[in-house]
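# Remarks on the overall topology
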Amino acid sequence: MAGQILSAVLGVLAFAILFHAPRRSYLLCALCGGFSWGIFLALGALGMSEFLASAGAVVALTLLSRVLSVAMKLPATVFIVTGIFPIVPGAGIYYTAYGLITGDMALFQTRGMETLALAGAIAIGILVGTSIPVAVPRVLGRALERLLPRAMRRG
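These notes cover the structure that comes with them. Bear in mind that the values here come from a model prediction, so they are computed numbers and not experimental data.

How each quantity is defined
Within each chain, residue numbers correspond to sequence positions counted from 1 in written order. Under the rules for a predicted model, residues below a pLDDT of 70 receive no local features and side-chain atom pairs below 80 are neither given nor counted, while totals for whole chains, interfaces and linings still include all residues. To get the side-chain values, take all heavy atoms of the structure and skip hydrogens and water. Secondary structure elements follow DSSP: runs of H or I no shorter than four residues count as helices, runs of E no shorter than two count as strands, and numbering proceeds from the N terminus. Three exposure classes are used, based on accessible area relative to the maximum for each residue type with a 1.4 Å probe and protein chains only: buried under 20%, partly exposed in between, and exposed over 50%. What counts as a disulfide here is a pair of cysteine sulfur atoms lying within 2.5 Å. Helix axes are fitted only over the stretch in contact, all axes being lines through C-alpha atoms; the angle between N-to-C directions runs from 0 to 180 degrees. Note on convention: the crossing is left-handed when the near helix lies turned anticlockwise from the far helix by less than a right angle, right-handed when the turn is clockwise. Two residues form a contact once any of their heavy atoms are found within 4.5 Å. Note on residue categories: nonpolar means Ala, Val, Leu, Ile, Met, Phe, Trp, Tyr, Cys or Pro, charged means Asp, Glu, Lys or Arg, and polar means any other residue, Gly included. Any residue with relative accessible area above 30% and no salt bridge may belong to a patch, with like charges joined within 9 Å and the nonpolar Val, Leu, Ile, Met, Phe, Trp and Tyr side chains within 5 Å. Accessible areas in this description were obtained via Shrake-Rupley with a 1.4 Å probe; residue shielding takes into account the shown protein chains only. In what follows, salt bridge is the name for a side-chain nitrogen of Lys or Arg lying within 4 Å of a carboxyl oxygen of Asp or Glu. Expected helix span is computed as 1.5 Å times (number of residues minus one).

Let us now look at unusual backbone geometry. In this model, histidine 20 sits at a positive phi of 55°, which is unusual for a non-glycine residue. Structurally, histidine 20 is set in the loop between helix H1 (2-18) and helix H2 (26-45). Judged by relative accessible area, which is 69%, histidine 20 ranks as exposed. A positive phi angle is found at lysine 73, which is not glycine, with a value near 55°. Within the secondary structure, lysine 73 sits in the loop between helix H3 (50-72) and helix H4 (76-83). You can call lysine 73 partly exposed: its relative accessible area is 42%.

Now the structure itself:
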């Protein structure tokens, strides 16, 4: 489990660099990715379906991203887009396209439906996470801002 979380952290760090996230956010973007993957693994270990584990991890990630947004004075999108990277069903997308191209309609159908369901779980997770009242991430973000090193904060 720790190896998977470390892999998620390193993958998201590379993703943040590749997509030109602000430099001062690299570490926190990477930690968001590790956090989201850790939550996904923990919920799966508790017996939740992949759909519910994905949705739960994305809700937690969205709330964390909103808190970091306030603390770092950056858009929450910086942390959501990078942190969601480990949760995106990339293999499912690949096998759906592979099934379509090779004419394997059974593979296309099964993988396509699974991938569509996981994409829906991600969308629902973001929706639920953004529906949390603004006061919660604002209070937590301002408390976290005081703890961050000066180099990470703006202004």
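So, on to the state of the cysteines. This structure, assessed with the given rule, holds zero disulfides. Cysteine cysteine 29 shares no disulfide, and the gap to the nearest cysteine sulfur, in cysteine 32, comes to 6.4 Å. For cysteine 29, a relative accessible area of 0% translates into the label buried. Relative accessible area serves as the criterion here: at 1%, cysteine 32 is assigned to the buried category.

Attention now goes to the packing of H3 against helix H6 (residues 105-130). Between H3 and H6, whose axes approach to 7 Å, the crossing angle comes to 35°. Our pair here, H3 against H6, has a crossing hand that is right-handed. Taken together, the residues of H6 that come into contact with H3 (itself represented by Glu50, Phe51, Ser54, Ala55, Val58, Val59, Thr62 and Arg66) are Ala117, Leu118, Gly120, Ala121, Ile122, Ile124, Gly125, Ile126, Val128, Gly129 and Thr130. Partitioning the contact of H3 with H6 into residue classes produces 11 nonpolar, six polar and two charged.

A word on a nonpolar patch on the surface. Together, Met48, Phe51, Leu52, Ile124 and Val128 line one region of the surface with nonpolar side chains, adding up to about 410 Å² of accessible area. Of all the elements in the fold, those that place two or more residues in the nonpolar patch are H3 and H6. Among the structural elements, isoleucine 124 can be located in helix H6. Judged by relative accessible area, isoleucine 124 falls into the partly exposed class, the value being 43%.

Attention now moves to helix H7 (residues 135-147). The end-to-end C-alpha distance of H7, which contains 13 residues, comes to 19 Å, matching closely the 18 Å that a straight helix rising 1.5 Å per residue would cover. In the core, the buried residues of H7 are packed alongside H3.

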